[in-house]
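Structure at a glance
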Amino acid sequence: QVELVESGGGLVQPGGSLRLSCAASGSIVRVYATGWYRQAPGKQRELVASITSGGTTNYADSVKGRFTISRDNAKNTAYLQMNSLELEDTAVYYCNSEIFGLPGPARYLYWGQGTQVTVSS
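Remember, it's a predicted structure, so these values are computed and weren't measured experimentally.

In terms of helices and strands, the chain carries 0 helices and 11 strands. Along the chain, helices and strands appear, N-terminal first, in the series β-β-β-β-β-β-β-β-β-β-β. Relative to the compact-globule value of 14 Å for 121 residues, the chain shows a C-alpha radius of gyration of 14 Å, a close match. In terms of overall dimensions, the chain has a C-alpha envelope of 50 × 25 × 25 Å along the principal axes. Put simply, 56% of the contacts in the chain that link residues at least 6 apart link residues at least 24 apart. Summing over all exposed atoms, the chain offers an accessible surface of approximately 6,400 Å²; the carbon and sulfur share of this is 48%.

See below:
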């Protein structure tokens, strides 16, 4: 069994920072690409940032220059550093990862349960 768990969400004032974590656990052979998504009330889930196993990153235009995605392959953990947070960043943040786990035979896409980020004054 493979599981993804997000953490680090919370309440922050505009201009503040938060660091989200996405930890994969279980019988993991390899973690491939990981993505952070968010879903605000009444809106569709959208991709915020992604990172490949080799470290190539991609960002939504709305977060470029403010958010940074990274990963620690030894810990099977990905991070989303969020700076200069804005009211519009309020959402539930989810991570997903493509993971090859035992007993195989293929890699699958797993989702975490989500963590709430609220930006409010």
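Moving on from the model shown.
It is worth spelling out the nonpolar core at this point. Judged by nonpolar contacts, the single largest core of 29 residues is most densely connected at Trp36, Phe67, Leu80, Met82 and Tyr93. Contributions of two or more residues to this core are made by β1 (2-7), β3 (18-26), β4 (28-39), β5 (46-51), β7 (67-72), β8 (77-82), β9 (91-101) and β11 (115-119). Residues contacting Phe67, with those up to four places away along its chain left out, are Arg38, Val48, Tyr59, Leu80, Gln81, Met82, Asn83, Leu85, Asp89 and Tyr93.

Once that is clear, we can look at the pattern of salt bridges. Following the criterion strictly, the structure yields 6 salt bridges and no others. The salt bridge involving Asp61 is made with Lys64; its shortest N-O contact spans 3.2 Å. It is possible to trace a salt-bridge network through shared partners that takes in Arg38, Glu46, Arg66, Glu86 and Asp89.

Take unusual backbone geometry next. Here the bond from Leu102 into Pro103 is cis, since omega is 10 degrees, no more than 30 degrees from zero. With respect to the helices and strands, Pro103 occurs in the loop between β9 and β10 (107-111). Cis rather than trans, the peptide bond between Gly104 and Pro105 has omega equal to 5 degrees. Position of Pro105 relative to the elements: it lies in the loop between β9 and β10. Here Asn76, not a glycine, exhibits a phi torsion of approximately 50 degrees, which is positive. Inspection of the secondary structure assignment puts Asn76 in the loop between β7 and β8. Among the residues examined, Asn76 registers a relative accessible area of 28% and is labelled partly exposed. Phi at Ser84 is positive, roughly 50 degrees, even though this residue is not glycine. Its location among the elements puts Ser84 in the loop between β8 and β9.

Cut-offs and rules
- Residues numbered from 1 in each chain as written.
- Predicted model: local features only at pLDDT ≥ 70, side-chain atom pairs only at ≥ 80, totals over all residues.
- Heavy atoms only, no water.
- Helix = DSSP H or I, 4+ residues; strand = E, 2+ residues; numbered from the N terminus.
- Rg over C-alpha atoms; globule rule 2.2 N^0.38 Å.
- Contact = heavy atoms within 4.5 Å.
- Areas by Shrake-Rupley, 256 points an atom, 1.4 Å probe, with all protein chains shown as cover.
- Core = buried A, V, L, I, M, F, W, Y, C linked by side-chain atoms within 4.5 Å.
- Buried < 20%, exposed > 50% of the residue type's maximum accessible area, 1.4 Å probe, protein only.
- Salt bridge = Lys/Arg side-chain N within 4 Å of Asp/Glu carboxyl O.

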